[in-house]
Amino acid sequence: EDLWPLQEYNKVHTELAKTQKIPMKTLRRIELGPSASILFMNYDIIWFQIQDMMRIYKKDPADSDEIISDFQRLLPQGGELVGCLSFEIESKRARELFLERMAGSEANTFIEYRGERVFGAPLDP
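Scoring rules and cut-offs
Residues numbered from 1 in each chain as written. Predicted model: local features only at pLDDT ≥ 70, side-chain atom pairs only at ≥ 80, totals over all residues. Heavy atoms only, no water. Helix = DSSP H or I, 4+ residues; strand = E, 2+ residues; numbered from the N terminus. Phe/Tyr/Trp six-rings, centres within 6.5 Å; stacked < 30°, edge-to-face > 60°. Buried < 20%, exposed > 50% of the residue type's maximum accessible area, 1.4 Å probe, protein only. Expected span 1.5 Å × (residues − 1). Bend = angle between axes of the 7 residues up to and from the residue. Contact = heavy atoms within 4.5 Å. Polar contact = N/O pair within 3.5 Å; in protein donor to acceptor, adjacent residues only side chain to side chain.

> Explain unusual backbone geometry to me, please; I cannot follow it from the model alone.
The phi torsion of most residues other than glycine is negative, and most of the peptide bonds are trans. With a phi angle near 55°, Lys-58 is a residue other than glycine that sits in the positive phi range. Among the secondary structure elements, Lys-58 is positioned in the loop between α2 (43-56) and α3 (65-72).

As structure tokens, then:
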């Protein structure tokens with residue numbers, strides 16, 4: 001119900017990206033190395049993700065149930081901390097090799113703060 005129709009979002013997409021989305025993501029992203037970062041999710045980031053996917057696929061909210069349900073899984077519930085770990089590797093071959101080596105690494109991925117470790121949990125596909 002909070003999502004905007006495609007035509008309405010298209011009119012303001014560029015301005016919203018510059019003034020809201022990019023600054024918000026910058027504040028919520030932590031660089032973990034030269035090619036890794038984690039983006040901590042909140043409602044506003046998920047809203048932008050959904051709107052952008054609807055824009056890419058040229059869909060209005062009424063036709064976007066699958067997109068909406070995929071991203072809603074990333075919304076933090078209660079005291080949850082939800083982050084999306086991303087790796088940016090330019091070379092296709094290097095990216096493929098890296099992803100092969102990383103398969104199953106979710107069980108060993110954690111954030112440590114003041115001696116407390118919080119392990120990651122992958123979302124079900």
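> Whenever I open this one, the packing of aromatic side chains confuses me. Can you help?
To describe a pair of aromatic rings, you give the distance between the ring centres and the angle between the ring planes. In the structure shown here, the tally under the stated rule is 6 aromatic pairs. Here the aromatic rings of Trp-4 and Trp-47 are separated by 5.1 Å at their centres, their planes lie at 75°, and the arrangement is edge-to-face. With Trp-4 in the segment before α1 (6-28) and Trp-47 in helix α2, this pair connects stretches of sequence that are 43 residues apart. The exposure class of Trp-4 is partly exposed, given its relative accessible area of 28%.

> Would you mind going over α1 with me for this structure?
Since there are 3.6 residues in each turn of an α-helix, residues three or four apart along the chain are aligned in direction. Over its 23 residues, α1 runs only 26 Å from end to end, short of the ideal 33 Å by more than 12%, given 1.5 Å per residue. The sharpest bend along α1 comes to roughly 60°, located at Leu-16. Those residues of α1 lying buried are Leu-6, Tyr-9, His-13, Leu-16, Ala-17, Lys-21, Met-24 and Lys-25. Those residues of α1 that are buried are in contact with β1 (29-31), β2 (36-40) and α2.

> Even after reading the chapter, I still don't get the side chain of Lys-21, so can you show me in this structure?
With respect to the secondary-structure elements, Lys-21 resides in helix α1. In this structure the side chain of Lys-21 is engaged in a polar contact, spanning 2.6 Å, whose partner is the side chain of Asp-52.

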